[in-house]
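The lines below spell out each chain.
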Amino acid sequence: MLPLPRRTLVLALAVLAALLGAPAAASADDGLPGLPGLTVGTAVRTVDPAVQEYCWTYPDVVTEQGEIGSSTCGNHSRRPAPTLRHDGALRLTFAGSGWRWSARYESTRPASPACRETRRVRRLGEHDYRVRRPAYHGTYRVTLTGRGPEGRIVAAFVWRYGTGRCS
């Protein structure tokens, strides 16, 4: 391997430092640099879903010497999925623009097909979405999958929605 010219090495180190020091993580506990904030909840209480996997492309850095692009992918399940209790729809807020989201509901108890479903998450604004409640009351592990210009994020939380068929 040929050594890099000093100028290129300095530029590469500067880009790496900028990427590692990027603010705004998906959650303070996750520590994933560069991912926009992600919350789900109500006007009274929100939680930061646990990011399970992600692929993220960072903006190119352009200089006189050329441009450098960067991306990262990973599985990240360091913390458990947080729990949220609410009987109505939830609001998902994500700082990224131009994203599409879906929610996969899986009951934490019975294996009945009626207690599993996937729904699209409805866009309310540029950064706000509505997560509709499941068809039946119960406790669900909700897996949110988002796709946008910068990549893909999969995050999860537990939703306790009343008591009933899927409890």
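Residues numbered from 1 in each chain as written. Predicted model: local features only at pLDDT ≥ 70, side-chain atom pairs only at ≥ 80, totals over all residues. Heavy atoms only, no water.

Draft legend 1. A look at the overall build of the protein. Of the regular secondary structure elements, the protein holds 1 helix and 11 strands. Moving toward the C terminus, one meets the helices and strands of the protein in the order α-β-β-β-β-β-β-β-β-β-β-β. Expressed as a percentage of its 167 residues, the buried residues of the protein come to 35%. Taking all contacts inside the protein whose residues are at least 6 apart in sequence as the whole, residues at least 24 apart take part in 63%. Within the structure as shown, the protein displays about 9600 Å² of accessible surface, and the carbon and sulfur contribution to it stands at 52%. (Helix = DSSP H or I, 4+ residues; strand = E, 2+ residues; numbered from the N terminus. Buried < 20%, exposed > 50% of the residue type's maximum accessible area, 1.4 Å probe, protein only. Contact = heavy atoms within 4.5 Å. Areas by Shrake-Rupley, 256 points an atom, 1.4 Å probe, with all protein chains shown as cover.)

Draft legend 2. View of the pattern of salt bridges. All told, the structure shown has 4 salt bridges when counted by the stated rule. Linking Arg 152 and Glu 53 is a salt bridge whose minimum nitrogen-to-oxygen distance equals 2.7 Å. Residue Arg 152 is located in strand 11 (residues 151–161), and its partner Glu 53 is located in strand 3 (residues 50–63); the two are separated by 99 residues in the primary sequence. Glu 53 sits in the partly exposed class, given a relative accessible area of 29%. Arg 91 serves as the salt-bridge partner of Asp 128, at 3.7 Å between the closest nitrogen and oxygen. In this pair, Asp 128 sits in strand 9 (residues 128–131) while Arg 91 sits in strand 6 (residues 90–94), placing the two residues 37 residues apart along the sequence. (Salt bridge = Lys/Arg side-chain N within 4 Å of Asp/Glu carboxyl O.)

None of this, on its own, says anything about what the molecule does.
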